[in-house]
Amino acid sequence: MPFTPLHMGPGMAIKAIAQDKFSLIIFGWAQILIDLQPLVVVLTQEGQTHGVTHTFVGAAVLGAVAAASGKPLAEGLLNLFRKKGKPRLHISWKTAWWSGLVGGLSHVLLDGLIYPDMSPFWPFVQGTRMDVFTSRGMTAFCIFSGLAGLLVYFVSRGVEAFSKHHSEKSH
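All of the points below concern the structure found in this document.

Parameters and conventions
Residues numbered from 1 in each chain as written. Predicted model: local features only at pLDDT ≥ 70, side-chain atom pairs only at ≥ 80, totals over all residues. Heavy atoms only, no water. Helix = DSSP H or I, 4+ residues; strand = E, 2+ residues; numbered from the N terminus. Buried < 20%, exposed > 50% of the residue type's maximum accessible area, 1.4 Å probe, protein only. Contact = heavy atoms within 4.5 Å. Areas by Shrake-Rupley, 256 points an atom, 1.4 Å probe, with all protein chains shown as cover. Lys, Arg positive; Asp, Glu negative; His and termini not counted. Charge placed at Lys NZ, Arg CZ, Asp CG, Glu CD. Polar contact = N/O pair within 3.5 Å; in protein donor to acceptor, adjacent residues only side chain to side chain.

### Some words on the overall build of the chain
So, point 1. Within the chain, the regular secondary structure consists of six helices and zero strands.
So, point 2. When the helices and strands of the chain are listed from N to C terminus, the series reads α-α-α-α-α-α.
So, point 3. Each principal axis of the C-alpha atoms in the chain carries an extent, and together these give about 65 × 30 × 30 Å.
So, point 4. Across the 171 residues that make up the chain, the buried fraction comes to 39%.
So, point 5. For the chain, contacts bridging at least 24 residues in sequence account for 66% of all contacts bridging at least 6.
So, point 6. Summing over all exposed atoms, the chain offers an accessible surface of approximately 10,200 Å²; the carbon and sulfur share of this is 72%.
So, point 7. Charged side chains in the chain number 14 positive and 9 negative. The centres of these two groups are separated by 15 Å.

And the structure:
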């Protein structure tokens, strides 16, 4: 699934469960960082499409890079669009690290389940294949997990807003 937003589906499902303890922006930033190497391969026609960035070791490193660089980027982006009078939004370092690492490692897992050219356990084991799903099956999983995540997220936010509104009226 190179250069697609499909990995954001499982990310949205995680966001729905973890809520404010997970940054979908940092998760997405990790997805982009991991796919930069395949982009270079596509543009130059040199190298292996799913190289070192598509290993669990490479993904952990890029997940950490996504966390460290994504925290200030995500906070800036979120605060750019916050409503006037609302307090500045802050992402904790714990949330940033969790989001970046989950983003990186899940990318390798999802791609590893469909692409036979990957060696996700390199440098410990070379050539271990995990490709057990079709691209179509993985696409469906990503879309449905994203839709389920969106539904759970917005329903839980609606319930939260409803209960907050009614508790303010009773005081």
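So, next bit.
### What about the environment of His90?
So, point 1. As for its placement among the helices and strands, His90 is situated in the loop between helix H4 (56-80) and helix H5 (93-112).
So, point 2. For His90, a relative accessible area of 63% gives the class exposed.
So, point 3. Separated by 47 residues in sequence, His90 and Leu43 have C-alpha atoms that sit 37 Å apart.
So, point 4. Once you skip the residues sitting within four places of it in the chain, His90 turns out to touch Lys71 and Glu75.
So, point 5. A polar contact of 3.2 Å, which involves the side chain of His90, links it to the side chain of Glu75.

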